[in-house]
Amino acid sequence: MEMDALRPTLDLASPWMNAAGTLGFAPPADLPQLEPPGAFVTNAVSLRPRTPAESRALLEYPGGALIHTGLVNPGIQKVLKKYAPRWARSSLPIWVHLLAETPEEIYSLARQLENVEGVAALEVGLPPQAGPDLCLEMVQAACGELPVAAHLALNQSGAEWIKKLTASGASGLVLGAPRGVMPGAGGKQVSGRLYGPGLLPQTLAALKNLAGLGLPLIAGAGIFNRADGAACLAAGALAVQVDTALW
Amino acid sequence: MVVLTSELIEIRQEDGGLSGWLRWPGSLKPAPGQYLLGRAVDLPAALPSTLYACGWQTGRVQVTGLPPAWNVGTPVALRGFLGQGFSLPASAARVALAALSARPARLRLLMQAALARGASVAFYAQGVPPGLPDEVEVLPLNLLPEAPAWADYLAVELDGIQVRAWRKWFNLRYDQPLACPAEAVVGVPMPCGEVAACGLCAVETRSGWRLACKDGPVFALASLAVD
């Protein structure tokens, strides 16, 4: 009860927003969205710059697509220099999606963003290979002045450790694009994130399974029209994130 | 850039895939090399399709790269025209075009622009691309090394995986320049169409990484990084 009183909340004027990685680092001027958004989520931002993955790939399959990019971004310093002025002028609250491998990196990123005008929340991308303890430490490292949403791949949403997220200080949990593997060129296996309307049933199932978590849930996979989003909101999601339907 | 709802009105087999005409009610014309992103309104899909503009008439635009699931009458939501197109010099009187990834349709608008200016056009390709005007000379790809000596301007189409080895088509050493100005339309997946900086379409140039969806898909050929 005491922690709940101290925990910053995810305040949204509208339950709709874009998913990380879909609209760049600042709100675009004229891109149509499914519904007026309540926040803008940035592309993943890391401490150091990241270049495109050598093995970047787009592999389509019936009902979906696997995308692997390497989460290219110019690093926090250049992101702040270029986009912080736009964030300050934005009418939308900015959620910055953090990309890191260690709690120390998350801590550094979070502290650099805490007093940036326009930044309203942090979204912590949890590495797919990270164990439960590391995931919780990364979320805790982000917690401070701003509300923190833990961002988890949908296919990891059944993990037992998620029940400990509420005590970690997180203000919400984003159920994002799941990870998968597809055969690529030459039969080589390619790992990446999955997108497509076929993911909606899994998102709704995850919302149902996590209903007693005690943490606001944000549905961020398989939403491709207003009806999909409405179904997730009716299933108890605080908000929905739309990904490749915006392209 | 325009966002509008269109309709597929004609389909044909071409370039090992499908091309077709879409209604285009706007007055905006594509620059050769530009592309559209399209989604069938009633067919749920994870990603839009990248459609390279390869023809234009008042009220309609021809594109290559149609998904097999689209039929005549399919309503399509379009966004575009996107990207940077070819810059055909006004003075170019001899234009060489080369289809290095066997998709000559991507050069068709450029070819039409060159012919409209009265330029002589030589098209280097594997086989004879369908529907070429009689005045276009078709030559085999193995003669491409001779093209820069003849041409005032050269344009190629190639896929992303061919980019780093483009010099071998011209038998050039690493430090040897092309004898004429040249550009390339690079075929890479561009699902976000400039809005996400997702990096999927990243092309390495001599001055760093560039995004084909926004900085391309047409690049100066000499700017592309090579092995």
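Residues numbered from 1 in each chain as written. Chains lettered and ligands numbered in written order. Predicted model: local features only at pLDDT ≥ 70, side-chain atom pairs only at ≥ 80, totals over all residues. Heavy atoms only, no water.

**Examining the overall build of chain A**
Link 1 in the chain: Broken down by element type, chain A carries seven helices and 12 strands.
Link 2 in the chain: Taken over C-alpha atoms, the radius of gyration comes to 17 Å for chain A, in line with the 18 Å a tight globule of 247 residues would show.
Link 3 in the chain: With the C-alpha coordinates of chain A rotated into their principal frame, the extents come out at 50 × 40 × 40 Å.
Link 4 in the chain: Long-range pairs, those at least 24 residues apart, make up 66% of the contacts in chain A with a sequence separation of at least 6.
Link 5 in the chain: The average position of the 17 basic charges and that of the 19 acidic charges among the side chains of chain A differ by 7 Å. (Helix = DSSP H or I, 4+ residues; strand = E, 2+ residues; numbered from the N terminus. Rg over C-alpha atoms; globule rule 2.2 N^0.38 Å. Contact = heavy atoms within 4.5 Å. Lys, Arg positive; Asp, Glu negative; His and termini not counted. Charge placed at Lys NZ, Arg CZ, Asp CG, Glu CD.)

**Considerations on the interface of chain B and chain A**
Link 1 in the chain: Each partner contributes residues to the interface: chain B has 20 residues there, and chain A has 27 residues.
Link 2 in the chain: Interface area lost by chain B to chain A is led by Ala-46, Leu-47 and Leu-200 of chain B, which between them contribute 30%.
Link 3 in the chain: For the interface between chain B and chain A, the tally reads zero salt bridges.
Link 4 in the chain: Summed over the shared surface of chain B and chain A, the result is six residue pairs in polar contact (both at pLDDT 80 or more). (Buried area = accessible area lost by both parts, 1.4 Å probe. Salt bridge = Lys/Arg side-chain N within 4 Å of Asp/Glu carboxyl O. Polar contact = N/O pair within 3.5 Å; in protein donor to acceptor, adjacent residues only side chain to side chain.)

**Describing the sheet that holds strand 2 (residues 40-45) of chain A**
Residues and elements named next belong to chain A.
Link 1 in the chain: Strands sit in the order 1-12-11-8-7-6-5-2 across an open sheet of eight strands; the sheet is parallel. The open sheet is flanked by strand 1 (16-18) and strand 2, the only strands paired with a single partner. Averaged over all pairs of adjacent strands, the angle between their axes in this sheet comes to 25 degrees, without regard to strand direction.
Link 2 in the chain: In this sheet, strand 8 (residues 172-176) lies alongside strand 7 (residues 148-153) in parallel orientation, the contact comprising five bridges. Along strand 8, the bridge assignment pairs Leu-152 with Leu-175.
Link 3 in the chain: Strand contacts of helix 2 (residues 76-89): strand 2, strand 5 (94-99) and strand 6 (119-125), with the helix running at about 165 degrees to strand 2, the strand carrying the most contacts. (Pairing = 2+ DSSP bridges. Axes fitted to C-alpha atoms, helices over the stretch in contact; angles between N-to-C directions.)

**Focus: the confidence of the model for chain B**
Close inspection of predicted coordinates is inappropriate for parts of the model with low pLDDT.
Link 1 in the chain: The share of residues in chain B with pLDDT of 70 or more is 99%, and the mean pLDDT across the chain is 93.
Link 2 in the chain: On the interface metric, ipTM, the complex scores 0.91, and its pTM is 0.94. (pLDDT = per-residue confidence, 0-100.)

**So, a positive patch on the surface**
Link 1 in the chain: Taken together, the side chains of Lys-82, Arg-86 and Arg-89 of chain A together with Lys-214 of chain B define a basic patch exposed on the protein surface.
Link 2 in the chain: If you trace the backbone, Arg-89 of chain A turns up in helix 2.
Link 3 in the chain: Arg-89 of chain A sits in the exposed class, given a relative accessible area of 65%. (Patch = residues over 30% accessible without salt bridge, like charges linked within 9 Å, V, L, I, M, F, W, Y side chains within 5 Å. Areas by Shrake-Rupley, 256 points an atom, 1.4 Å probe, with all protein chains shown as cover. Buried < 20%, exposed > 50% of the residue type's maximum accessible area, 1.4 Å probe, protein only.)

**Considerations on the pairing of strand 12 (residues 202-205) of chain B**
Residues and elements named next belong to chain B.
Link 1 in the chain: Bridging between strand 12 and strand 13 (residues 208-211) involves four bridges; their strand directions are antiparallel. The residue bridging Val-203 from the neighbouring strand is Arg-210, located in strand 13.
Link 2 in the chain: The loop that links strand 12 with its antiparallel partner strand 13 comprises two residues.

**As for the sheet that holds strand 3 (residues 57-61) of chain A**
All names here are of chain A.
Link 1 in the chain: Here we have four strands laid out as an open sheet, ordered 3-4-10-9, and antiparallel in their pairing. The open sheet has two free edges, formed respectively by strand 3 and strand 9 (179-183), since each of these has just one partner strand. Neighbour-to-neighbour, the strand axes of the sheet open up by a mean angle of 40 degrees, direction not taken into account.
Link 2 in the chain: With five bridges joining them, strand 3 and strand 4 (residues 64-68) adopt antiparallel strand pairing. In the strand pairing of strand 4, Tyr-61 is matched with Gly-64.

**Some remarks on helix 4 (residues 132-142) of chain A**
Link 1 in the chain: Residues Cys-135, Leu-136, Met-138, Val-139, Ala-141 and Ala-142 of chain A constitute the buried set of helix 4 of chain A.
Link 2 in the chain: Here the buried face of helix 4 of chain A lies against helix 3 (103-113), strand 6, strand 7 and helix 5 (165-168) of chain A.

**Some remarks on the packing of aromatic side chains**
Link 1 in the chain: Applying the stated criterion across every chain, the model contains three aromatic pairs over all chains.
Link 2 in the chain: Seen in terms of ring centroids, Trp-24 of chain B and Phe-81 of chain B are 4.6 Å apart; in terms of plane orientation they differ by 45 degrees. Their pairing is tilted. Remark: Phe-81 of chain B occurs in strand 6 (residues 75-82) and Trp-24 of chain B occurs in the loop between strand 2 (17-23) and strand 3 (35-40); sequence separation between them is 57 residues. Neither residue differs from the other here; Trp-24 of chain B and Phe-81 of chain B are each classed as buried.
Link 3 in the chain: Judged by centre distance (6.0 Å) and plane angle (75 degrees), the rings of Trp-166 of chain B and Phe-170 of chain B are edge-to-face. We note that Trp-166 of chain B, like Phe-170 of chain B, is buried.
Link 4 in the chain: The ring of Tyr-107 of chain A is capped by Arg-111 of chain A, whose NZ or CZ atom sits 4.6 Å from the centre of that ring.
Link 5 in the chain: Over the ring of Trp-169 of chain B we find Lys-168 of chain B, and its NZ or CZ is 4.3 Å from the ring centre. (Phe/Tyr/Trp six-rings, centres within 6.5 Å; stacked < 30°, edge-to-face > 60°. Lys NZ or Arg CZ within 6 Å of the ring centre and 35° of its normal.)

**What to know about the nonpolar core**
Link 1 in the chain: Judged by nonpolar contacts, the single largest core of 141 residues is most densely connected at Trp-87, Leu-165 and Leu-173 of chain A together with Leu-154 and Leu-221 of chain B.
Link 2 in the chain: Look past the residues within four positions of Leu-154 of chain B in its chain and what remains in contact with it is Ala-96, Leu-144, Ala-147, Phe-170, Leu-178, Cys-180, Pro-181, Ala-182, Glu-183 and Leu-221 of chain B.
Link 3 in the chain: Counting 17 residues, the second largest nonpolar core, distinct from the first, contains Leu-4, Leu-22, Val-61 and Leu-109 of chain B. (Core = buried A, V, L, I, M, F, W, Y, C linked by side-chain atoms within 4.5 Å.)

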